[in-house]
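# Chain and residue survey
Spelled out from the first residue to the last, the chains are:
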Amino acid sequence: MEKTKGKIKYLGELLRNKEISCQELTTKYLESINQDNGKLNAYVSVTEQEALDTAKAVDKKIASGEELSPLEGIPMTLKDNISTKDIETTCCSKILQGYVPIYNATVWDLLKSQNAVLLGKTNMDEFAMGSSCETSCFGGANNPHNLAHVAGGSSGGVASAVGGNIAAYGLGSDTGGSIRQPASFCGLVGLKPTYGAVSRYGLIAYASSLDQIGPITSTVEDAALVFDAISKKDPMDSTSQGGAEPTLAKLNQDIKGLKIGVAKEYFEGVRDDVKKALEQSIKTYVSLGAQIVYFDLPVLKYALPVYYILACAEASSNLGRYDSIRYGYRTDENYHSIHEMICKTRSEGFGKEVQRRILLGTYVLSSGYYDAYYKKAQRLRGAVVKAFQNAFQSCDVILTPTVPMTAFEQGFSSKDQIETYQTDICTVPINIAGLPAISIPCGFDSKGLPIGMQLIGNTFCESTILNAAYQFENACANQIYKNVDLGVKL
Ligand code: GLN
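Overview of the structure. Note that the structure is a prediction, hence the values are computed from the model and not measured.

## Details of the side chain of Ser199
Within the secondary structure layout, Ser199 lies in the loop between strand S7 (189-192) and strand S8 (212-217). Engagement of the side chain of Ser199 in a polar contact is seen with the backbone nitrogen of Tyr201, the distance being 3.0 Å. Not counting chain neighbours up to four residues away, the residues in contact with Ser199 comprise Thr106, Val107, Ile213, Lys232, Asp234, Asp237 and Ser240.

Here it is in structure tokens:
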């Protein structure tokens, strides 16, 4: 079997050729979930009936000879911060347990209209705050390559499900790396689109000026397919602009002469084996005819503090809505005023990391400290945006590690929170600048854990980074993609 053939196309062909019915395919996935979710902890809810009903409708279409759209009948998952009408959506927080949205996120409407088969909702760090999935109130998702390691975060459940072959693909959200980092940790492809390329309507907000929804998939072709399906201008999100152009048709373009930027700052503090894999990847690109352009990115050192100030500030405002009055968790009857009820509810409903960020965010926005922290961070955000704009004057794509290391062992984040924040260094600048970036596998460490490479593009240049990633994937098919399991075992 061809190594880098997309998993989605492969499954679609099985359906179209009637080698398997959609109900059989869906049942196979549901059985695999039954068997493997206990050890992966990828799903926090399984939507069996929804999946089987959709599969039945797809089988009807196949039987009547109707054309299937690209994602039709393909079993998939959604991170549990993407609103699904009539299906519980918790953000993996106690405060939202039992919350059933009365509307769909636009991305889910778009996929549902193609008869995507939703298998269930997947695990995540509480309100997407974290890098290991361990802040989830359901406990973290595990890495399919080694269960003693985390799947990453915050979209750890999606990555664990796709990597563990209990979903064909999934949608995650990325505020500072939450699609790319778990994709990197689980040997998958993760695309964080340009800010505005995908509608955020129905995505439960963490930090609205940084959040974007995107795919986590097994191959680059799958990522292009899913991105094309969800990148549409949406009147329900005033920041949505839609995608620049369909990307799938643009894969397989020659990259001779493509200018790939490399900044030394991006390699400081990166573990040796990760650095080595990246150096090897640069050589692969040179052998494909790309030109390497070295440049300086001194603003990189500001990215982490800017991110954590702005993200927490926005979170403190966004999470102000959880007052337990209209929906969500409420403390027991033991209170004497509405103020006390809200205080108790929020203290009991939010986990420690979320509380820490609300407190930090409220502090940097408070009148005495606004200028010193929030305003300064906003100004520095401008400097980061400008630095990338300058870089793209001399290159088409920027190549960096996705994470300075491979998947943490379980418990790493709770031992050293500051060190965990520091591992976000390669991914957060991209959200600050609103750029698109993709993480693709580029090797393994000595324990067999995947290493990820990040390719950053200019705004709305998704097709450039997807094509560059596709060329790399083809060039490395036998070494790095040997673990890609294309289909269900028939
Ligand atoms: N790890 C980062 C954080 O904890 C990014 C999370 C995300 O992208 N949602 O904020």
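From this point on, the discussion continues.
## Some points on the packing of helix H7 (residues 220-230) against helix H16 (residues 462-475)
In contact at an axis separation of 9 Å, H7 and H16 are set at 160° when each is read in the N-to-C sense. On the basis of their axis angle, the class for H7 and H16 is roughly antiparallel. Helix-helix and strand crossings are classified by hand; for H7 and H16 the assignment is left-handed. Along the contact surface, H7 presents Val220, Glu221, Ala223, Ala224 and Phe227, while H16 presents Glu462, Leu466, Ala469, Tyr470 and Glu473. Across the contact of H7 with H16, the residue classes tally to seven nonpolar, no polar and three charged.

## Let's talk about a nonpolar patch on the surface
On the surface, Tyr363, Tyr369 and Tyr373 cluster together into a nonpolar patch covering about 280 Å² of accessible area. Take Tyr373: it is sitting in helix H12 (residues 370-394).

## Describing the nonpolar core
Nonpolar side chains in soluble globular proteins tend to be buried together. Formed by 147 residues in total, the largest nonpolar core has its most connected members in Leu111, Phe127, Tyr169, Tyr285, Phe388 and Leu455. Here the element with the most residues in this core is helix H9 (residues 300-318); it accounts for 11 residues. Aside from chain neighbours lying at most four places away, what touches Leu111 is Leu71, Met76, Ala116, Tyr169, Leu171, Ala229 and Ile230.

## Re the environment of Leu191
Along the chain, Leu191 turns up in strand S7. The exposure class of Leu191 is buried, given its relative accessible area of 0%. Put simply, Leu191 and Lys376 are 185 residues apart on the chain and 30 Å apart in space, counted from C-alpha to C-alpha.

## A word on the site of the ligand
Neighbouring the ligand are 15 residues; Thr175, Gly176, Ser178, Tyr206 and Tyr307 lie closest to it. Residue Ser178 places a side-chain N or O atom 2.7 Å away from an oxygen atom belonging to the ligand. Take Tyr308: an N or O atom from its side chain is 3.5 Å from an oxygen atom of the ligand. Contact with the protein chains covers 99% of the free accessible surface of the ligand, which is 300 Å². When grouped by side-chain class, the residues that make up the shell around the ligand number five nonpolar, seven polar and three charged.

## Describing the sheet that holds strand S3 (residues 117-122)
Spatially, S1-S3-S2-S6-S8-S7-S12-S13-S11-S9-S10 is the arrangement adopted by the 11 strands of the open sheet, whose pairing is mixed. Edge positions in the open sheet fall to strand S1 (43-46) and strand S10 (291-295), since each of these has one partner strand only. Each adjacent strand pair in this sheet contributes to an overall mean axis angle of 30°, direction not counted. Lying over the sheet, H16 contacts S7, strand S11 (397-401), strand S12 (437-444) and strand S13 (450-457), oriented at roughly 15° with respect to S12.

## Considerations on H16
Over its 14 residues, H16 extends 20 Å from the first C-alpha to the last, a length consistent with the 20 Å expected when each residue adds 1.5 Å. Counted residue by residue, H16 has 11 buried out of 14 residues, so it is predominantly covered. If you check which residues of H16 are buried, you get Glu462, Ser463, Ile465, Leu466, Asn467, Ala468, Ala469, Tyr470, Gln471, Phe472 and Glu473.

Conventions we followed
Residues numbered from 1 in each chain as written. Predicted model: local features only at pLDDT ≥ 70, side-chain atom pairs only at ≥ 80, totals over all residues. Heavy atoms only, no water. Helix = DSSP H or I, 4+ residues; strand = E, 2+ residues; numbered from the N terminus. Polar contact = N/O pair within 3.5 Å; in protein donor to acceptor, adjacent residues only side chain to side chain. Contact = heavy atoms within 4.5 Å. Axes fitted to C-alpha atoms, helices over the stretch in contact; angles between N-to-C directions. Parallel < 35°, antiparallel > 145°, perpendicular 65-115°, else oblique. Left-handed = near helix turned anticlockwise from the far one by under 90°. Nonpolar A, V, L, I, M, F, W, Y, C, P; charged D, E, K, R; others polar. Patch = residues over 30% accessible without salt bridge, like charges linked within 9 Å, V, L, I, M, F, W, Y side chains within 5 Å. Areas by Shrake-Rupley, 256 points an atom, 1.4 Å probe, with all protein chains shown as cover. Salt bridge = Lys/Arg side-chain N within 4 Å of Asp/Glu carboxyl O. Core = buried A, V, L, I, M, F, W, Y, C linked by side-chain atoms within 4.5 Å. Buried < 20%, exposed > 50% of the residue type's maximum accessible area, 1.4 Å probe, protein only. Near = heavy atom within 4 Å. Pairing = 2+ DSSP bridges. Expected span 1.5 Å × (residues − 1).

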